[in-house]
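# Structural characterization, general
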Amino acid sequence: MLIDNPFKFGDPVEGEYYLPRPELARTVGQFLDNRIHVILIGPRRFGKTSFILNLLKEKTQSSLFIDVFNITSHRDFLQQVLRAIRGKKPWSAHLKEWLSTIPRLRPRFEMQPDPVSGTPTLSLSAEVSSDKDVKETIQDVLAALEHLGKQVIVTIDEFQKIAEIEDKGWLEATLRTQMQQLKNVAFLYTGSRKGIIYDMINNSNRPFYRSCQPIEFPAFGTEFTDWIIQRFSIVNITCERAAVDHLRRILQDTPNYIQMVCFHVVAQGIQNVTQKKMDDVLNTIVRQNAYAYQTLLNSLAVGQQRALRLAANELTQIFAKDLLAKYEIKTGPALHAAIKSLKDKQILDEGTAKGKVFFDDPLFAIWLRTEFGE
Ligand SMILES: Nc1ncnc2c1ncn2[C@@H]1O[C@H](COP(=O)(O)OP(=O)(O)OP(=O)(O)O)[C@@H](O)[C@H]1O
Ligand SMILES: [Mg+2]
C-alpha cells in the first residue's frame, strides 16, 4: 500500500498537517473577543492563512473569510466579499432574508441557481455597473455584515492589497468607518508587506491610523523541530535534530519551504536524514528553479542585481561601508535605492532587525549564493 506523504506545502494546511499555535491563538482570540481589531503581520509563506482558518474553526463567533490577494479593483473586492458570503453553508440558506436586512441592497443582487448544485445563490445584478454603484454596494454590504450573526469576525487576508488600489484611500476609509460602526463585528487582517502595513497604521494621515492591534506573526519555537521529526517517524524515517535545525535556519524558518524539502526527502525514499542529505535535497529543488531565478535576475537593473547578491551573501549589516566596494555598488544611497526597488518588486522585504533584509523566496537567496557566493 502506498503511504501518504506526511508533509504538505503550498496551500493552507489543517488537521494533522497543521501544528497548532495555541499561544498566538489565545492572544488573537482574546483581542477579537473584546472587539479589538487585529492585524497579523508576517512574511510570505509563514502560515498566516492556515492559522486564521484554524482559529476561526475554534471560535464561537460567526466568521467570514475574505481573500483579497488577487483584487485589482473595487468590483473585484465586492466579488470576493460575495464569494465569502456564498461559501458559508449555514448562511446560504438565509441569503434572501439577509438581503432584506438592508432594503437598498436587494435590487443590486440576484438570486440565481448555482450552475453546479442548482440551489439559488447570490450574484451581482447587471444594474451595478458604474464605479459609483459598486462603491455604494460595498458600503451597504459591509454595513449588512452585522446581520450575519450575533457576534461576527470578519477576516481580510492579504490586507495590503486594499492599500494598493488606487482610489485615494477610499476603500481603506470605508472599512475604517464600518470598523467603528458595526458594534458586533471584530475585524482580523493579515498582511505580508511590512512596510506598507506599518505605514497604514502608524501614519496619522491615513484612515487606519491606530485602528488595529498589530501582532507580528512569530516563528515557531523548538516544538516545530520535534513535530517534523515526529512526522518523519510516521513513515519510519529517522531524522537528526541538527538536520532540521539547519534547514530551518537556512530557510528563514519558513514553514512552507521546510515542509516542501521534507516532502521531497520522503518522496526520494531517504531513510536516515542527516544535514548533508537535507542539503542535497534542498539543492536539487533550487536547481530545478534555476531557470525561473535566472530569468528574474536578468529582468533587473545591474545595480539591483548587485544589491541582491550582497543581500544573499551578507545576512546582516547589509549597509556596511566596506561591502559597497566588494559588490561594486557606487554609493550608499545607490544601495538604498536598489533595495527599495527590490522591496517594491516584492523580492525583498524588511527584516526583523536593522540592516537585515528578508528574501520573499528563501530558495532564491540560496540560488544566488550558489551562483555568486565565494
Ligand atoms: N502551523 C503550521 N504547521 C505546519 N505547517 C505549516 C503551518 N503553517 C503553515 N505551514 C506550512 O506553510 C505552508 C503555507 O501556509 P499558508 O498558506 O497558511 O501560509 P501564508 O503565510 O498564508 O502564505 P502566503 O504568503 O502564500 O499567503 C503550508 O502549506 C504548510 O506547508
Ligand atoms: Mg496566505
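A quick note: this is a predicted structure, and the numbers were derived from the prediction, not measured.

### Re empty space enclosed by the protein
One simple way to see leftover space: roll a probe sized like a water molecule over the atoms. Summed over all chains, the structure comprises 2 cavities of 30 Å³ or more. Here the largest cavity is characterised by a volume of approximately 70 Å³. What lines the largest cavity is simply Pro43, Arg44, Ser192, Gln252, Thr254, Tyr257, Asp349, Phe358, Phe359, Asp360 and Pro362. When grouped by side-chain class, the residues that make up the lining of the largest cavity number 5 nonpolar, 3 polar and 3 charged. Empty space within the second largest cavity amounts to approximately 40 Å³. Along its surface, the second largest cavity is lined by Arg44, Phe69, Glu158, Gln160, Lys161, Glu164, Ser192, Arg193 and Gln346. In terms of residue class, the lining of the second largest cavity is made up of 1 nonpolar, 3 polar and 5 charged.

### Examining the domain arrangement of the protein chain
Assigned domains of the protein chain: these are domain 1 (20-216), domain 2 (223-288) and domain 3 (290-372). The C-alpha-based centres of domain 1 and domain 2 are spaced at 36 Å. Taken together, the contacts link 4 residues of domain 1 with 6 residues of domain 2. For the pair domain 1 and domain 2, the summed buried area comes to about 350 Å², and 61% of that belongs to carbon and sulfur atoms.

### A short note on the packing of helix H3 (residues 74-86) against helix H6 (residues 131-144)
For the pair H3 and H6, the least separation of the axes is 9 Å and the interaxial angle reads 35°. Seen from above, H3 lies across H6 with left-handed handedness. Packed against H3, whose contacting residues are His74, Arg75, Phe77, Leu78, Val81 and Ile85, the element H6 presents Asp131, Val134, Lys135, Thr137, Ile138 and Val141 at the interface. Its residues assigned to classes, the contact of H3 with H6 shows 7 nonpolar, 2 polar and 3 charged.

### Topic: the state of the cysteines
Within the structure shown, the criterion is met by 0 disulfides. Cys239 takes part in no disulfide bond, and the closest cysteine sulfur, belonging to Cys262, lies 6.6 Å away.

### Focus: the side chain of Thr225
Mapped onto the elements, Thr225 comes out in helix H10 (residues 223-234). Setting aside residues up to four positions removed in sequence, Thr225 forms contacts with Arg241, Val244, Asp245 and Arg248.

### Here's the deal with the nonpolar core
Phe232, Leu308 and Leu363 are the most contacted members of the largest nonpolar core, which has 55 residues in total. The element best represented in this core is helix H12 (residues 255-267), accounting for 7 residues. Both domains that furnish three or more residues to this core are identified here as domain 2 (223-288) and domain 3 (290-372). Sequence-distant contacts of Phe232, defined by excluding residues within four places in its chain, comprise Phe7, Ile237, Cys239, Cys262, Val265, Val266 and Val273. Ile138, Leu145, Val152 and Cys212 belong to the second-largest nonpolar core, a separate cluster that totals 49 residues.

### Focus on the site of ligand 1
By nearness alone, 22 residues border ligand 1, and Lys8, Asp11, Arg44, Ser50 and Gln259 come closest of all. Within the contact set of ligand 1, an oxygen atom lies 2.9 Å away from a backbone nitrogen or oxygen of Gly47. For the shell around ligand 1, the secondary-structure elements that each account for two or more residues are helix H2 (48-58) and H12. A breakdown of the residues in the shell around ligand 1 according to their chemical character gives 10 nonpolar, 6 polar and 6 charged. Looking at the shell around ligand 1, you find at least three residues from each of domain 1 (20-216) and domain 2 (223-288).

What counts, and at which threshold
Residues numbered from 1 in each chain as written. Chains lettered and ligands numbered in written order. Predicted model: local features only at pLDDT ≥ 70, side-chain atom pairs only at ≥ 80, totals over all residues. Heavy atoms only, no water. 1 Å grid on protein atoms, 1.4 Å probe; cavity = no way out; pocket = protein on both sides within 12 Å on 5 of 7 lines; lining within 4 Å. Points joined across faces, edges and corners; volume = space filled by probe spheres on them. Nonpolar A, V, L, I, M, F, W, Y, C, P; charged D, E, K, R; others polar. Domains from an automatic or database assignment. Contact = heavy atoms within 4.5 Å. Buried area = accessible area lost by both parts, 1.4 Å probe. Axes fitted to C-alpha atoms, helices over the stretch in contact; angles between N-to-C directions. Helix = DSSP H or I, 4+ residues; strand = E, 2+ residues; numbered from the N terminus. Left-handed = near helix turned anticlockwise from the far one by under 90°. Disulfide = S-S within 2.5 Å. Core = buried A, V, L, I, M, F, W, Y, C linked by side-chain atoms within 4.5 Å. Buried < 20%, exposed > 50% of the residue type's maximum accessible area, 1.4 Å probe, protein only. Near = heavy atom within 4 Å. Polar contact = N/O pair within 3.5 Å; in protein donor to acceptor, adjacent residues only side chain to side chain.

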